[in-house]
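Single-letter residue listing:
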Amino acid sequence: MYQAIRPSRSQFINIRQQRYHVRTWGEYRPGTVPLVLLHGWMDVSASFQFVVDALSRERFIIAPDWRGFGLTRALAAGPEVTDYGPADHYLSPAEYLADLDFLLDALDAELGRGSGEAIDLVGHSMGGNVVMVYAGVRPQRVRRLINLEGFGLPATRPAQAASRYASWIDQLKSLDRGKLAMPRYDELEGVAQRLIKTNPRLDPAKARWLARHWSAQDAEGRWQLLGDAAHKVVNPHLYHADEVQAIWRFITAPTLMVEASDDSLARWFKPGQYTLEEFHQRLTAVPDCRRARVEDAGHMLHHDQPAAVARLIEDFLD
């Protein structure tokens, strides 16, 4: 199994009726800028361990488990590890924007930093989408911004709203009937093999290490993925690409967009539905944006090529 070079520490912070799990590496030194890492959909904060280990020098790093993922729990949740509380859907990115802002306030107070001092912000996938919007909403709080494979979604039309709301209600009913339940595995190795199936590039030793952070044993001794099944329910609100771009125009931080050599959009969407070319056109709304590419990597590029990702992060932040 993979052995972490720089083990993390865990703590819990109560914000917005959530008991947020926060992972940290290194020691904070006054006058330095914390690095905040934000994971993607159906992922956990421990997912950044390989990149942290590949950094050339130690720095203070913070990585939370988003609400409904990992070890973050609603305060009303029961005692079971996999009980996430009463939510039956999540409104991304609005909920996460507020969570991030409250979390940074709490960490500023804990570290003795001035309220609203700037941070360096990195997000992967869903986390990448959140950090881009956050940097436009709170531009003064972000010194440097890095988006790892956070592409947003295809543009939508108002005519799609009725069917989207209908799909949302239907999926809520499926969740209520247990049809969207997270899978369970008799052995931890089953979780590792699930990770490898999703990402064939993933080294088996790393998959076994990740499996212990992506899952936990339930009351019956089976291993369940640490993600609230309610995340599978479609967002009832349409994705407004023009609105997102309007927010991006307020970003003041130098921004780095990092893409994998595999074309994730070509794999996720039908031909012509949403392309890298269209996304690159959207990026022109960001005032100071550079792009980088990681070779021999897929969407989980921080697992596939952690040394390359670490090098890009350090070069851009320095």
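Residues numbered from 1 in each chain as written. Predicted model: local features only at pLDDT ≥ 70, side-chain atom pairs only at ≥ 80, totals over all residues. Heavy atoms only, no water.

Quick look at the sheet that holds strand β9 (residues 215-217) now. If you walk across this open sheet you meet the three strands as β8-β10-β9, and the pairing is antiparallel. The open sheet is flanked by β8 (184-185) and β9, the only strands paired with a single partner. Here β8 runs beside strand β10 (residues 223-225); their pairing, made up of two bridges, is antiparallel. Residue pairing across strands places Arg 184 opposite Gln 224, the latter belonging to β10. Lying over the sheet, helix α5 (residues 188-198) contacts β8, β9 and β10, oriented at roughly 30° with respect to β10. Packing against the sheet, helix α6 (residues 204-214) makes contact with β9 and β10, and its axis sits at approximately 65° to β9. (Pairing = 2+ DSSP bridges. Helix = DSSP H or I, 4+ residues; strand = E, 2+ residues; numbered from the N terminus. Contact = heavy atoms within 4.5 Å. Axes fitted to C-alpha atoms, helices over the stretch in contact; angles between N-to-C directions.)

On the secondary structure map, Thr 24 appears in strand β2 (residues 18-25). Once residues lying within four places of it in the same chain are set aside, the contact partners of Thr 24 are Ser 8, Arg 9, Gln 11, Phe 60, Ile 61 and Ile 62.

Attention now moves to the packing of helix α2 (residues 94-111) against helix α3 (residues 126-137). With their axes 10 Å apart at the nearest point, α2 and α3 run at an angle of 70° to one another. One way to sum up the angle between α2 and α3 is to call them roughly perpendicular. Side by side, α2 and α3 meet where Tyr 96, Leu 97, Leu 100, Asp 101 and Leu 104 of the first sit next to Met 126, Val 130, Val 133 and Tyr 134 of the second. Tallied by class, the residues present in the contact of α2 with α3 amount to eight nonpolar, no polar and one charged. (Parallel < 35°, antiparallel > 145°, perpendicular 65-115°, else oblique. Nonpolar A, V, L, I, M, F, W, Y, C, P; charged D, E, K, R; others polar.)

The next thing to look at is the packing of aromatic side chains. Taken as a whole and assessed by the stated rule, the structure comprises nine aromatic pairs. Between Phe 151 and Trp 268, the ring centres sit 6.4 Å apart and the planes meet at 65°, which makes this aromatic pair edge-to-face. With Phe 151 in the loop between β7 (142-148) and α4 (161-176) and Trp 268 in helix α8 (residues 264-268), the pair connects residues that are 117 residues apart, well separated along the chain. What makes Trp 268 partly exposed here is its relative accessible area of 35%. Residues Trp 268 and Phe 269 carry aromatic rings whose centres are separated by 6.5 Å and whose planes lie at 85° to one another, so their mutual orientation is edge-to-face. Residue classification places Phe 269 among the buried residues on the basis of a relative accessible area of 17%. An aromatic cluster of three or more residues is present, and its members are Phe 151, Trp 268, Phe 269, Tyr 274 and Phe 279. The residue whose ring lies beneath Arg 19 is Phe 12, and the NZ or CZ to ring-centre distance is 3.9 Å. One Lys or Arg, Lys 206, reaches over the ring of Phe 50 and ends 5.0 Å from the middle of that ring. (Phe/Tyr/Trp six-rings, centres within 6.5 Å; stacked < 30°, edge-to-face > 60°. Buried < 20%, exposed > 50% of the residue type's maximum accessible area, 1.4 Å probe, protein only. Lys NZ or Arg CZ within 6 Å of the ring centre and 35° of its normal.)

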